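One letter stands for each residue in the lines below.
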2 protein chains.
Amino acid sequence: MSGRRVTIRDVAERADVSISTVSHAFSGSRPISAETRERITRAANELGYEPNPSARSLRTGRSGIVGLILRPRFALVGTSDRAETFNRLVGSVATEALRRKTGLIHVPDIDDPRAAKVPMDGCIVAHPYSGDRVLTEVLRRHIPVVTVEEDPERPELPWAVRLDYPPVVDRLLDHLKRQHASDIMLLTGTESNAWNVRTRESYRAWCRTNGVPARIDELSEGLTHEEAAQLIGPLLAAPDRPDAIVVATSDFAALIARVAAAQGVRVPDELMIASFTDSEHSRTADPAITAMDLNHENLAKEAVELMLARIAGAEAPEKPVVISPVLHLRASTLRSPH
Amino acid sequence: MSGRRVTIRDVAERADVSISTVSHAFSGSRPISAETRERITRAANELGYEPNPSARSLRTGRSGIVGLILRPRFALVGTSDRAETFNRLVGSVATEALRRKTGLIHVPDIDDPRAAKVPMDGCIVAHPYSGDRVLTEVLRRHIPVVTVEEDPERPELPWAVRLDYPPVVDRLLDHLKRQHASDIMLLTGTESNAWNVRTRESYRAWCRTNGVPARIDELSEGLTHEEAAQLIGPLLAAPDRPDAIVVATSDFAALIARVAAAQGVRVPDELMIASFTDSEHSRTADPAITAMDLNHENLAKEAVELMLARIAGAEAPEKPVVISPVLHLRASTLRSPH
DNA sequence: CTGAAAGCGCTAACAG
DNA sequence: CTGTTAGCGCTTTCAG
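This structure is a prediction, so every number in the text was calculated from the model and none was measured. (Residues numbered from 1 in each chain as written. Chains lettered and ligands numbered in written order. Predicted model: local features only at pLDDT ≥ 70, side-chain atom pairs only at ≥ 80, totals over all residues. Heavy atoms only, no water.)

Caption draft 1: Structural context of the overall build of chain A. On a plain count of helices and strands, chain A comes out with 13 helices and 12 strands. When burial is assessed residue by residue, chain A has 55% of its 338 residues classed as buried. Of the contacts made within chain A by residues no fewer than 6 positions apart, 71% connect residues no fewer than 24 positions apart. Counting only carbon and sulfur atoms, one obtains 51% of the accessible surface of chain A, whose full area is about 15300 Å². Counting 42 positive and 46 negative side-chain charges, chain A places the averaged centre of each group 6 Å from the other. (Helix = DSSP H or I, 4+ residues; strand = E, 2+ residues; numbered from the N terminus. Buried < 20%, exposed > 50% of the residue type's maximum accessible area, 1.4 Å probe, protein only. Contact = heavy atoms within 4.5 Å. Areas by Shrake-Rupley, 256 points an atom, 1.4 Å probe, with all protein chains shown as cover. Lys, Arg positive; Asp, Glu negative; His and termini not counted. Charge placed at Lys NZ, Arg CZ, Asp CG, Glu CD.)

Now the structure itself:
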């Protein structure tokens, strides 16, 4: 093909200037006469010159690339609720990184020794688990890290963007109570991340405050819809069926709505349903399902901003950045006044 | 923080060997005595040494990173059918890249001058448009490229993995005909990529062969469900309603099924429905919808393999690699024998 | 089996 | 305003 890559030296030669002049012409880091700049630009274009990013990084100590590690194990292989979550977050981070002129590299598994080590200035770890193994490794390597949601066992890491669940969970539960729910059940996820841990805590606290017994069961994020349906069917048929269910994932919320319809349980009159993620499933279910939106766009925006600040040498913030989830009240929890 | 990054020099000093010995100990590219190797390994661990990827790339001329450019503009912002497609492809490419010890970098917009230039050995461009602008730019820069699906205007590029639509489209249409469809309508997408262009061509060819008029209308991939429903409603209410609709995207197929149900049009007896992507929507629709699966996993696998071969200096293949889409016949096109 | 040294392409002092 | 030069950290000849 094209014999050799063209370097800054070739451009300098052709424009009849020194290589440092070429370098500065590109970076704009010192004044260059219009005429010289013009000659350099032409030479570069004619030769098809592109600066070598590795050489630049080696010299400057910066690659202009941040890594993204998405921890939830069901992000890729799970159902479409997880897929949509994954998508929105990755998409938002990518968009924001682009806006900030920063490359984004997908780091599938940092401590797979086979994985190519890539030059990153820092790394965003999204939705870490309790005592997250990968987060530990990144810290050990002294890679500047920002987390999206905190590691529940390491709440002290200040370089984090987190969601403030309690007020929103309270608002949801208060709302259900006002709609005359008397037996609100929580179907929590089984992954040990902040989303599950914190929402569960908030639910428990609310129950305590309101003097009602907590009623919690698990519905793993990893279940297929078939498996989940197997568990939901009996629950809705049981004599002690709750009159409101808050379920972690929105696709299972939609599934509950379908099972309820099949069993002749009326939503919201006999059963209210809400979920802790929002997606196509909750929006288009019949009836539409009340859901807490995780505000991925803002999480991503703040995370990238924090990352760049950290790379630029900013002081550690006092506290993590706090984002509020957004509650969408929909028909599944709106009983008509009798 | 940690004063300075630790380099190969520090390790050499501490292990009391030369830096070249350290280098070779890591790369295994020449015999090292067990004892020396042991000293080096210990020193490296104690110091927390990690080779600098930029220095390595600069020296070797390889970064071990390939870029992924996903072209369809609705991949990120579109509905969940597009999201699922995006997901499966990115996920599959990432997985395969990992298996091959290759880093994967997300390239959002190659010719945005603001975007950081990243070191990539090559670049996968997925689902290019006709005369794709970004593909042109990548070629101009002499970046080794492999496309997933061909640019319809550049079918001659041999470094491509493509889907072989005609046989599968024929099988689908033959199947519909055997189920006594007499008026099969195609609702094609409006994006000018191979998927739309080739399936449309195949449909036209089949109509010609079978001596029936082609009946094509457009349904843009960019429409919201509401907008699409506005167009579908009248179509199903019209006196010349087709008795089978093949629609590009699976979520619109599911939407058609819902609109049909609402209008009392029985599927599949009065109307058969099929789609040219498969997703959660087609699988879980009622009735489940016949769909063509784009086989993203195999596309990704072959694309990564081709990319690595190309980087390694392999000869250009004679022809693109050809993958077959997979047809899933489901209830939406299975009429009970009368 | 090990060491010395050249240099990948670029940036940033420093010196005009 | 422009040129010279010293490395960034690593791999890889070439010599032992």
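Caption draft 2: Quick look at the sheet that holds strand E6 (residues 184-188) of chain A. Residue and element names in this part refer to chain A. As summarised here, the arrangement of the six strands in space is E7-E6-E8-E9-E10-E12, forming an open sheet in which the pairing is mixed. Strand pairing shows two members of the sheet lacking a second neighbour, strand E7 (216-218) and strand E12 (326-328), which therefore form its edges. Taken pair by pair, the neighbouring strands of this sheet meet at an average axis angle of 20 degrees, ignoring direction. Sheet analysis places E6 next to E7, joined by three bridges and oriented parallel. By the bridge assignment for E7, Thr-188 is matched with Glu-218. (Pairing = 2+ DSSP bridges. Axes fitted to C-alpha atoms, helices over the stretch in contact; angles between N-to-C directions.)

Caption draft 3: Looking closely at the interface of chain A and chain B. With 43 residues of chain A at the interface, the matching set in chain B holds 43 residues. Carbon and sulfur atoms supply 65% of the area buried between chain A and chain B, which totals about 3500 Å² over both sides. For the pair chain A and chain B, the number of links is four salt bridges. Between A:Glu50 and B:Arg140 there is a salt bridge; the shortest N-O distance is 4.0 Å. There are two residue pairs in polar contact (both at pLDDT 80 or more) connecting chain A and chain B. Listing elements by their share of the side of chain A that touches chain B, those giving two or more residues are helix H4 (53-60), helix H6 (80-99), strand E2 (103-106) and helix H12 (280-284) of chain A. Ranked by residues supplied to the side of chain A that touches chain B, first place goes to H6(A) with nine residues. Both E2(A) and strand E2 (residues 103-106) of chain B contribute to a ladder of three bridges, which runs antiparallel. The partner of A:Leu104 across the bridge, within E2(B), is B:His106. (Buried area = accessible area lost by both parts, 1.4 Å probe. Salt bridge = Lys/Arg side-chain N within 4 Å of Asp/Glu carboxyl O. Polar contact = N/O pair within 3.5 Å; in protein donor to acceptor, adjacent residues only side chain to side chain.)

Caption draft 4: Representation of the domain arrangement of chain A. As far as domains go, chain A holds domain 1 (8-51), domain 2 (65-162 + 296-317) and domain 3 (165-294 + 327-333). The gap between the C-alpha centroids of domain 1 of chain A and domain 2 of chain A is 37 Å. (Domains from an automatic or database assignment.)

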